[in-house]
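Each chain, written out:
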Amino acid sequence: MSAIAGVLVTAMVAPALAVTGIAANNSIGMFENLPSNIRPDVLAQKSEIYATGSDGNPVLLASVFDQNREEVGWDQISPFVKDAVVSVEDPRFYTHGGVDIVSAARAAAQSAAGGDGPGASTISMQYVRNILIQKTEEIQDKAERDKAFEDATKTTVDRKLKEMKLAIGLEKEFTKDQILLGYLNISNFGGTVYGIEAAAQYYYGVSAKDVTLAQATSLVAMVNEPNGLRIDQPDAPEKITENQARRDVNILPAMLKEHKITKAQFDEAKATPVTPNIVQPSTGCKTANENIGAGYFCDYVSYIVKNDAAFGDSAESRWQKFRTGGYQIFTTLDLDLQTAAITSMNENVPQNPEQLNLGSSMVTVEPGTGKILAMVQNKTFNDDPETTQPNETSVNFSTDYAYGGSTGFPSGSTYKVFTLADWLKTGHSLNEQVNGSVRTFNLATFKNRCQGAGGGTYKSANDGAANPGSMNIVSATASSVNNAYIGMAQKLDMCDITETAESFGMHRADGTPMQQNVSSVLGTNEVAPLTVAAAYAGIAANGLFCQPKAIERIVDGTGAEIPVPATTCNQVVDPNVAAAMDVAMAAVVNGGTGGAARPGDGIPLIGKTGTTDGEKHVWFAGASTKLATAIWVGNIVGDVSVRYTSVPDYGNVADMRFSTWSQYMGAANAKYGGDAFPTPNSSLTSTPQVAVPSVQGKTIAEAQSLVEAAGFTFQDGGATDNEAPAGTAAGSVPAGGENATKGATVTVYTSNGALKSVPDVISGSNSIGEAANKLGPAGWKFAGTKYQVTGDGCNEQKPIGTEPAVGSFANPASQGVYIIGCKKK
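Residues numbered from 1 in each chain as written. Predicted model: local features only at pLDDT ≥ 70, side-chain atom pairs only at ≥ 80, totals over all residues. Heavy atoms only, no water.

Student: What is the right way to read the overall build of the chain from this model?
Tutor: Helix and strand counts for the chain come out as 25 helices and 32 strands. Over its C-alpha atoms the chain spans a radius of gyration of 43 Å, topping by over 25% the 28 Å that the globule rule assigns to 825 residues. Taken along the three principal axes of its C-alpha coordinates, the chain extends 160 × 55 × 45 Å. A buried classification covers 52% of the 825 residues belonging to the chain. Sequence-distant contacts in the chain: of pairs separated by 6 or more residues, those separated by 24 or more amount to 71%. Within the structure as shown, the chain displays about 33800 Å² of accessible surface, and the carbon and sulfur contribution to it stands at 50%. Separation between the mean location of the 61 positive side-chain charges and that of the 83 negative ones in the chain comes to 3 Å. (Helix = DSSP H or I, 4+ residues; strand = E, 2+ residues; numbered from the N terminus. Rg over C-alpha atoms; globule rule 2.2 N^0.38 Å. Buried < 20%, exposed > 50% of the residue type's maximum accessible area, 1.4 Å probe, protein only. Contact = heavy atoms within 4.5 Å. Areas by Shrake-Rupley, 256 points an atom, 1.4 Å probe, with all protein chains shown as cover. Lys, Arg positive; Asp, Glu negative; His and termini not counted. Charge placed at Lys NZ, Arg CZ, Asp CG, Glu CD.)

Student: Just checking my understanding: could you explain the sheet that holds strand β30 (residues 801-803) for this structure?
Tutor: Think of a sheet as strands paired side by side through backbone hydrogen bonds, with each pair either parallel or antiparallel. Read across the open sheet, the three strands follow the order β29-β32-β30; overall the sheet is mixed. Here the strands that pair on one side only, and so sit at the sheet edges, are β29 (782-790) and β30. Within the sheet, the average angular offset between the axes of one strand and its neighbour, ignoring direction, is 40°. Pairing of β30 with strand β32 (residues 817-824), which is carried by three bridges, proceeds in the antiparallel orientation. Following the sheet pairing, Gly801 is matched in β32 by Ile820. The sheet contacts of helix α25 (residues 768-775) involve β29 and β32, and relative to β32 the element is tilted by about 170°. (Pairing = 2+ DSSP bridges. Axes fitted to C-alpha atoms, helices over the stretch in contact; angles between N-to-C directions.)

Student: Mind showing me how you'd approach the pattern of salt bridges here?
Tutor: Pairs may arise between side chains of opposite charge once their charged atoms sit close together. Scanning all chains against the criterion turns up 21 salt bridges. Across the salt bridge formed by Lys671 and Asp334, the nearest N and O atoms sit 2.9 Å from each other. Here Lys671 is found in helix α23 (residues 656-672), whereas its partner Asp334 is found in strand β3 (residues 328-334), with 337 residues between them in sequence. Under the relative-accessibility criterion, Asp334 is labelled buried at 6%. For Lys616, the salt bridge goes to Asp639, with nearest N and O atoms at 3.4 Å. Remark: Asp639 occurs in the loop between β20 (628-635) and β21 (646-647) and Lys616 occurs in the loop between β18 (606-611) and β19 (617-623); sequence separation between them is 23 residues. One connected set of salt bridges, linked through shared partners, spans Asp334, Asp336 and Lys671. (Salt bridge = Lys/Arg side-chain N within 4 Å of Asp/Glu carboxyl O.)

Student: Help me understand the packing of helix α4 (residues 79-89) against helix α9 (residues 176-186), please; the structure alone is not making it clear to me.
Tutor: In helix packing, the relevant descriptors are the interaxial angle and the interaxial distance, both defined with respect to the helix axes. Running from amino to carboxyl end, α4 crosses α9 at an angle of 95°, the nearest separation of the two axes being 11 Å. Taken together, the axes of α4 and α9 lie roughly perpendicular to each other. Together, Val81, Lys82, Val85, Val86 and Glu89 of α4 and Leu180, Tyr183 and Leu184 of α9 make up the contact between the two elements. When the residues that make up the contact of α4 with α9 are grouped by side-chain class, the tally is six nonpolar, no polar and two charged. (Parallel < 35°, antiparallel > 145°, perpendicular 65-115°, else oblique. Nonpolar A, V, L, I, M, F, W, Y, C, P; charged D, E, K, R; others polar.)

Student: Explanation requested: the state of the cysteines in the structure shown.
Tutor: By definition, a disulfide links the sulfur atoms of two cysteines through a covalent bond. For the coordinates displayed, the defined rule picks out four disulfides. The disulfide partner of Cys450 is Cys495, and the S-S distance across this bridge is 1.7 Å. You can see Cys450 sitting in the loop between β10 (440-442) and β11 (457-459) and its partner Cys495 sitting in helix α20 (residues 494-503), a full 45 residues away along the chain. On the basis of relative accessibility, which here comes to 41%, the residue Cys450 falls in the partly exposed class. Two residues share a disulfide in this structure: Cys794 and Cys822, whose sulfurs sit 1.8 Å from each other. Taking the sign of the S-S torsion, about 100° here, the bridge from Cys794 to Cys822 comes out right-handed. (Disulfide = S-S within 2.5 Å.)

Student: I would appreciate a short explanation of the packing of aromatic side chains in the present structure.
Tutor: Each aromatic ring pair is characterised by the separation of its centres together with the angle its planes make. Enumeration over the complete set of coordinates arrives at 14 aromatic pairs. Centroid distance Tyr300 to Tyr403: 5.8 Å. Interplanar angle 55°. Geometry classified as tilted. Of this pair, Tyr300 sits in helix α14 (residues 295-307) while Tyr403 sits in the loop between β7 (392-393) and β8 (409-410); the two residues are 103 residues apart in sequence, bridging distant segments of the chain. Its relative accessible area of 27% is what places Tyr403 among the partly exposed residues. Ring-pair connections join several aromatic residues into one group, and the members of that group are Phe397, Phe409 and Trp632. Over the ring of Tyr818 we find Lys786, and its NZ or CZ is 4.1 Å from the ring centre. (Phe/Tyr/Trp six-rings, centres within 6.5 Å; stacked < 30°, edge-to-face > 60°. Lys NZ or Arg CZ within 6 Å of the ring centre and 35° of its normal.)

Student: What exactly am I supposed to notice about unusual backbone geometry here?
Tutor: Only a minority of non-glycine residues have a phi that is not negative, and only a minority of peptide bonds are not trans. Cis peptide bonds are those with omega within 30 degrees of zero, and the linkage from Val733 to Pro734 qualifies with -5°. Here Pro734 shows up in the loop between β25 (729-733) and β26 (739-741). Following Glu803, the chain continues to Pro804 via a peptide bond in cis, the omega torsion being 0°. Along the polypeptide, Pro804 turns up in the loop between β30 and β31 (809-810). Unusually for a residue other than glycine, Ser480 sits at a positive phi of about 50°. Looking at the secondary structure, you find Ser480 in the loop between α18 (473-478) and α19 (482-490).

Student: Quick question: what am I supposed to make of helix α6 (residues 123-136) here?
Tutor: An α-helical turn contains 3.6 residues, so any two residues separated by three or four positions project in the same direction. With 14 residues, α6 ought to run about 20 Å at 1.5 Å a step, and its terminal C-alpha atoms sit 20 Å apart, in line with that. Those residues of α6 that sit buried are Ile123, Ser124, Met125, Gln126, Tyr127, Val128, Arg129, Ile131, Leu132, Ile133, Gln134 and Thr136. (Expected span 1.5 Å × (residues − 1).)

Student: Explain the sheet that holds β3 to me, please; I cannot follow it from the model alone.
Tutor: The strand order across the open sheet built from five strands is β2-β1-β3-β15-β16, with neighbouring strands paired in mixed fashion. Each of the sheet's edge strands pairs with one partner strand only, and the pair in question is β2 (58-64) and β16 (561-562). Alignment of strand β1 (residues 47-52) against β2, held across six bridges, turns out to be antiparallel. Counterpart to Tyr50 in the pairing with β2 is Leu60.

Student: Would you explain the confidence of the model for the chain in this entry?
Tutor: Interpreting fine coordinate detail is not advised for predicted regions of low pLDDT. For the chain, per-residue confidence averages 90 on the pLDDT scale, and residues scoring 70 or more make up 92% of the total. Predicted confidence is poor over residues 12-28, with pLDDT under 50, and the contacts of this stretch with residues over four places away or in other chains come to 20 contacts. (pLDDT = per-residue confidence, 0-100.)

Student: Would you take a moment to explain the nonpolar core for this structure?
Tutor: Side chains of nonpolar character tend, in soluble globular proteins, to be buried together. One finds Leu61, Leu420, Leu424, Phe504, Met506 and Met581 to be the most contacted residues of the largest nonpolar core, which totals 96 residues. Looking at this core element by element, the count peaks at nine residues for helix α21 (residues 529-540). Beyond its immediate chain neighbours, meaning those up to four positions away, Leu424 contacts Leu430, Val577, Ala580, Met581 and Leu684. Among the nonpolar cores identified, the runner-up in size contains 57 residues, and Val81, Leu181, Ile196 and Met222 belong to it. (Core = buried A, V, L, I, M, F, W, Y, C linked by side-chain atoms within 4.5 Å.)

Student: Would you mind showing me how to read the side chain of Arg230 here?
Tutor: With respect to the helices and strands, the residue Arg230 is situated in the loop between α11 (213-221) and α12 (237-257). The class of Arg230 is buried, set by a relative accessible area of 15%. When residues no more than four places from it in sequence are discounted, the contact partners of Arg230 are Gly190, Gly191, Tyr203, Met222 and Lys239.

Student: Explanation requested: the packing of helix α17 (residues 416-425) against α20 in the structure shown.
Tutor: Contact geometry of α17 with α20 gives a least axis separation of 8 Å together with a crossing angle of 110°. Taken together, the axes of α17 and α20 lie roughly perpendicular to each other. Note on packing geometry: the crossing formed by α17 with α20 is right-handed. Counted together, Phe418, Thr419, Ala421, Asp422 and Lys425 of α17 and Asp496, Ile497, Thr500 and Ala501 of α20 form the full contact between these two elements. (Left-handed = near helix turned anticlockwise from the far one by under 90°.)

See below:
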């Protein structure tokens, strides 16, 4: 067989040999030295991304592929397809050993005569060629891949010899049915459609086992010229005509000749026009937009594949592997919640208002697992820059730059909860007092063990120009009082606050380190809504933070489970700390700044609002014990105040966060419910009483140090009359020695030194007049005489006391001294 094949191929390519000067015996020797075995690799197949439907079963979101292929078994292909291929491509397929000597001889004779008749490639040889072409797709380097493809397809002596030799070897390893099945699964049917199953579904909307004779022969017509005879191009109707001609002139007659069909079947099929029923496959994440707006979640999953080293050594190889590996990725997305989320987003936030370049995204994460259950935004996903419309974008506002192209948004006061967490971690109570009034802070008084203290001053306004004075932590949180939280940070360590936030997964969306300046307490770091939702899920899960999780499990093209990207859960604060955080955060939605977000279904909620400088962005992040959801609304670019901007039919832009969150969470709560949050023990909720230190006579700096060391907030009350040396502390309110709530404001007054001790003018004075005369030299004014009625032993001429009393303090510049005498009854 080898020798005959070598001779025949030599004859077939005689013109080429004449040009190259290769002798016939060299061709035979070349044939003998060629490799004789080949095994088909796992075929490139589309990968599929699934969500979870209402019944708990997987629902296809999208498919991603280079080759749209669904590999099927022998019994899943209609006999019409198999018979058509064999009849027209290789009638002696079941009798030859891989090379059809009769066809090869005919082709050789025609070649010798200068003709251009049918080729000699058998189905086995064509299968070999397709395997070699398929192998080129696995080469990562483009230049190498192109060269390998050229070698596998060019018309040369060595290629034809190689195909023959490998076809012979193939037939030794596999049965005829296995070879035919492999051929039908690997073949291209035009464009990115590969394999008979995908072809049947795409061109006719049926499975390969259900095609009619007319449909089967139309599909087989494409095998020889996939792109020339494809029937899915309305602007090229001649291709349908040519496809039908090949069906009617070549394939159906060949089947009739080989007795695979009857004359009646032939006539019926030939009389049936080629009428395609194109069913577009679920291609790419854009198809996940339909009705549920899941394009961005789908895109996020694709970035996980691209970025995780478990899928390959480089982003390119990972994505190539994903597009061709036939993976089934089962995700955490809950279609019920996703549908409710996109419905609420569409009804409450416009896509492209003329007033501003408006963006919004909303993400839900499950406490205790980190599962991402919903992810939506007000734009439609489109990753094709040539077709993107103003209401579309490929940028995923919900995720980090590395997972969707967004650099994040300032988190505003949603970040305050991490100062709250650190406050409680360090033993402070919810009922300690802090000063919420606007004031200028000395930056040197803020500790930062990582970066050191800063210099200069910092001043921030409160929302609405409020100056609430002393308040407890629950009130400061409910009303989101900036200066109260800056005051809390002043008693903590900025590095500790940052590390507490990072333990809850907080990080900048652009990947740079978190800023630790004092203003960061108010939420200046740009973060992703997914990051905020996951952090709040950690609070709702009693301090158990779980990294966001989008993938439940992955099955490869062989049906084997493969490891999913690892996620971890860690107890980042004590459950009692988390419970105390819940108390303050519940006050936000129960009468505080987030009250408008409540769905009104009675499910217990915690939350926090956020507004950035200039009202460019607003947030609401909240949670039940079952679900945590964060929504951002703001300027994609631009500086428009969302608080003072309204959109017809939608209302105030800043309020869109509340209406969207409330409508959505009402639907989500109906499915998931929610329990009461745990109650913290008294260690973090008590009203701690601390003795006020005595400061009289201390320097003001010493007094401030004593007051703050005792856990109080120092306030300078200005100058007052006092006996202490001028410029020193006169005293405080509350007074030294009294008990006051820890954290309360202690006002310290500065002595002007004006108060003097009233001298003793009574001792040694035998008369009121004598006592009065002693006042002037002592620096005091005589104010007059006052009498007290006493018993019979009273000496009415002798003084018995003074007013103010001897030894007490008064201001001689503004107050005189009375001499007290007595009178008999």
